[in-house]
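An overview of the molecular structure
This is what each chain is made of:
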Amino acid sequence: MSLPQGPHTAPHSEPPSPPRSELQRALHTRHRAVLPDWLALSYEQPLEITHGEGRYVWDAEGRRYLDFFGGILTTMTAHALPEVTKAVSEQAARILHTSTLYLNRPMVELAERIAALSGIPDARVFFTTSGTEANDAALLLATAYRRSHQVLAMRNSYHGRSFSAVGITGNRSWSPTSLSPLHTLYVHGGVRTRGPYAHLDDAAFTAACVADLEDMLGQTRGDVAALIAEPVQGVGGFTSPPDQLYAAFREVLQRHGILWISDEVQTGWGRTGDHFWGWQAHDAAGPPDILTFAKGIGNGMSVGGVVARAEVMNCLDANSISTFGGSPVTMAAANANLAHLLAHDLQGNARRVGGLLAERLRAASAGLDIVREVRGRGLMIGVELVFPSTGDPSPEAASLVLEAAREGGLLIGKGGGHSTNSVLRIAPPLSLTTAEAEAGAAVLERALHTAQHELS
Ligand code: PLP
């Protein structure tokens, strides 16, 4: 089943050309010839997306797709949101960028908003241009504050692509070098459903992870700088630990003076539905010492950043600026985007529509033995796929579903643990309507049946 293309199809497009035209093939060839092999592309015949509106995007041939991946969790509210477009074009017409050496009104306004929303007392905000750079800045702060380059990270984690971010990335398929300026110890807990503790109930799982953490700390000189964790692992396949795991960890960390960094690059701004930040599912811990963000806040503009209480943020005693971090045009986009998100309670929408969508996908998966689990929080839903015969993770099934969904006019992502890439990742813009959720679920149901059929 395909999504109807409808009157809405291709607002700027011309008579339909054959699918996957020669032009796209030629562009793909040129891409391959000049860009790195490790710059992953989705789909056997990669898409060229030319424009978007609401929850939809269009490819170069005028074909419309429901965007269940929100770019790559980068379109938080909606594609071409009028307030964001207006804010960007008005700011661009005034000035694109000068320098952080001058006062910057949109940056101060956004910092005030984020500081207030962060839950961190006496918060200071530093803007970067990506999640990687935000985590780098967090590591810089934590290691300088604690005068140690030892850090703890979670197994299966992903924190970015710089030299130091790779050094805290436990997901081997996303860490292209094992060299690192940091000494990192990887602890259990990010994944509830795999690994040695998977058979335990939540309380016993939490206790086992805490024991693992204590054991790891026993192997250090006691001068660990920080523990960094994604509240819900993103690239790792939308896996959540039991609620309050990080509260239990925090208790241990505080005893040793170790900072807790919550990487909210995927989980921030209400995406998880019940909470504005992912860390709030572990609220007994109180707010993290350091919080990092990026992806959706700019709705496609490159905005990232780090929040920390003043004592931690101000521990650096030399200048450290980001030439483009806080650029006025990106700040204008983020201010407008955040205002829209709050005014329209898109967190509440993520909870309601995400809940319906997850239920609908569970119902669609009943009787399909390629589906191991439909899990998620809000509009961050993972569908874990396995080989029907063995129950092992099945990247093949995920690829089949992705291709079939695309044929039906639906874009989704995938991810998962070490080299498995067997989890479908669903993270649409937070303004997704019930009707759109239903339409996308119907396409996904067909795609799952196709994969089940091919693999049986
Ligand atoms: N942290 C998390 C949790 C992420 O998912 C990502 C990107 O996927 C990053 C950090 C890195 O962000 P960026 O790609 O903007 O550098």
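Report follows, based on the coordinates. These numbers were taken from a predicted model, which means no experiment stands behind them.

1. Describing the nonpolar core
Ranked by internal contacts, the top residues of the largest apolar core, which has 121 residues, are A142, A226, L227, L259, I290 and V401. Considering every element that reaches this core, the biggest residue donor is helix α10 (residues 328-343), with eight residues. Residues in contact with I290, not counting those within four places in the same chain, are A138, L141, A142, L259, I261, V306, A308 and V312.

2. A few points about the site of the ligand
Taken together, 15 residues surround the ligand, and among them S130, G131, T132, G160 and V265 come closest. Among the elements that take part in the shell around the ligand, helix α5 (residues 131-146) stands out by supplying three residues, more than any other. In the shell around the ligand, the residues fall into four nonpolar, nine polar and two charged.

3. Looking at the packing of helix α11 (residues 346-365) against helix α13 (residues 434-455)
A pair of packed helices is captured by two measures, namely the crossing angle of their axes and the spacing between those axes. Contact pair α11 / α13: the axes reach a minimum separation of 10 Å and the direction vectors enclose 25°. When the axes of α11 and α13 are compared, the pair comes out roughly parallel. As for how α11 packs across α13, the hand of that crossing is right-handed. Residues V353, L356, L357, R360, L361, A364 and S365 of α11 touch α13, and the partners they reach there are T434, A437, E438, A441, L444, E445 and L448. For the contact of α11 with α13, a count of residues per class yields nine nonpolar, two polar and three charged.

4. Overview of the sheet that holds strand β7 (residues 226-229)
One open sheet holds the seven strands; their spatial order is β4-β10-β9-β8-β7-β5-β6, and the pairing between them is mixed. Where the open sheet ends on each side, the last strands, each with one partner, are β4 (123-128) and β6 (183-187). With strand direction ignored, the average angle separating the axes of adjacent strands in the sheet is 20°. As judged from the three bridges shared by strand β8 (residues 259-263) and strand β9 (residues 290-293), these two strands associate in the parallel manner. By the bridge assignment for β9, I261 is matched with I290. With respect to the sheet, helix α4 (residues 105-118) is in contact with β4, β9 and β10 (304-309), its orientation differing from that of β4 by roughly 125°.

Cut-offs used in this document
- Residues numbered from 1 in each chain as written.
- Predicted model: local features only at pLDDT ≥ 70, side-chain atom pairs only at ≥ 80, totals over all residues.
- Core = buried A, V, L, I, M, F, W, Y, C linked by C-beta atoms within 7 Å.
- Buried ≥ 20, exposed ≤ 12 C-beta atoms within 10 Å, placed from the backbone.
- Helix = DSSP H or I, 4+ residues; strand = E, 2+ residues; numbered from the N terminus.
- Contact = placed C-beta atoms within 7 Å.
- Near = placed C-beta within 6 Å.
- Nonpolar A, V, L, I, M, F, W, Y, C, P; charged D, E, K, R; others polar.
- Axes fitted to C-alpha atoms, helices over the stretch in contact; angles between N-to-C directions.
- Parallel < 35°, antiparallel > 145°, perpendicular 65-115°, else oblique.
- Left-handed = near helix turned anticlockwise from the far one by under 90°.
- Pairing = 2+ DSSP bridges.

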